[in-house]
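# Topology and contacts: notes
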Amino acid sequence: MSSTTPAPKPRKFGGTPAQIRSAAKFYKVFAYITGVMLLLLVVEMIFKYFWSLELFVGGTLADGVANSIGLYNRAEVTGGANISLGILIAHGWLYVVYLFADFRLWSLMRWPFMRFITIALGGVIPFLSFYTESKVHAEVDRELAAHPKAAKRY
């Protein structure tokens, strides 16, 4: 008796190669943006929690002198724009876009759910987004090259 092994299932993507490349490019841009914003956020948190300093633009200092830009304790500045808070908010919203880019690429590539989670962690661990992006982008290119005739999911 001979045993026959079933043929492997053909690789299927959730979109065309052009759609996948577009999603990979969008992911790459937001991986870098989120990574840079995360590094700015880390620096901001170090200043805030170690020395109680935040970056302010404009406003008036406690001694009445006009502030142009500087690191001050929040109680020392009246008015002005708190850039440290702006970095925090910007990173939060940019991370949401990063998650969308992650989801879009993940769904088009039809990867396992844990891949989505590991890519998502790239936006919350400093320097990880740069590493993750390079690995993900290489894998997308490798899979598209290995399966040029892959069928679309729909």
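Refer to the preceding data block for the structure.
What you are looking at is a predicted structure, and each value in this text was computed from that prediction instead of being measured.

## Structural notes on the sheet that holds strand β6 (residues 81-82)
Pairing within the open sheet is antiparallel, and its three strands lie in the order β4-β2-β6. This sheet does not close on itself; its edge strands, each paired only once, are β4 (69-72) and β6. With four bridges connecting them, strand β2 (residues 54-57) and β4 associate as antiparallel partners. Residue pairing for β4: Glu 54 is matched across the bridge by Tyr 72.

## Observations regarding the environment of Leu 41
When you line up the elements, Leu 41 lands in helix α1 (residues 17-51). With a relative accessible area of 11%, Leu 41 lands in the buried category. A C-alpha to C-alpha distance of 7.4 Å links Leu 41 and His 91, two positions 50 residues apart in sequence. Apart from the residues lying within four places of it in its own chain, the contact partners of Leu 41 are Ile 87, Leu 88 and His 91.

## So, the pattern of salt bridges
When the charged atoms of two side chains lie near each other, side chains of opposite charge can form a pair. With the rule as written, the count across this model stands at two salt bridges. Here Glu 139 and Arg 115 are joined by a salt bridge, their closest N and O atoms 2.8 Å apart. Taken as a pair, Glu 139 in helix α4 (residues 128-146) and Arg 115 in helix α3 (residues 113-120) lie far apart in primary sequence, 24 residues in all. Take Glu 139: its relative accessible area is 17%, and that puts it in the buried class. Using a relative accessible area of 25% as the deciding quantity, one classes Arg 115 as partly exposed.

What counts and what doesn't
- Residues numbered from 1 in each chain as written.
- Predicted model: local features only at pLDDT ≥ 70, side-chain atom pairs only at ≥ 80, totals over all residues.
- Heavy atoms only, no water.
- Pairing = 2+ DSSP bridges.
- Helix = DSSP H or I, 4+ residues; strand = E, 2+ residues; numbered from the N terminus.
- Buried < 20%, exposed > 50% of the residue type's maximum accessible area, 1.4 Å probe, protein only.
- Contact = heavy atoms within 4.5 Å.
- Salt bridge = Lys/Arg side-chain N within 4 Å of Asp/Glu carboxyl O.

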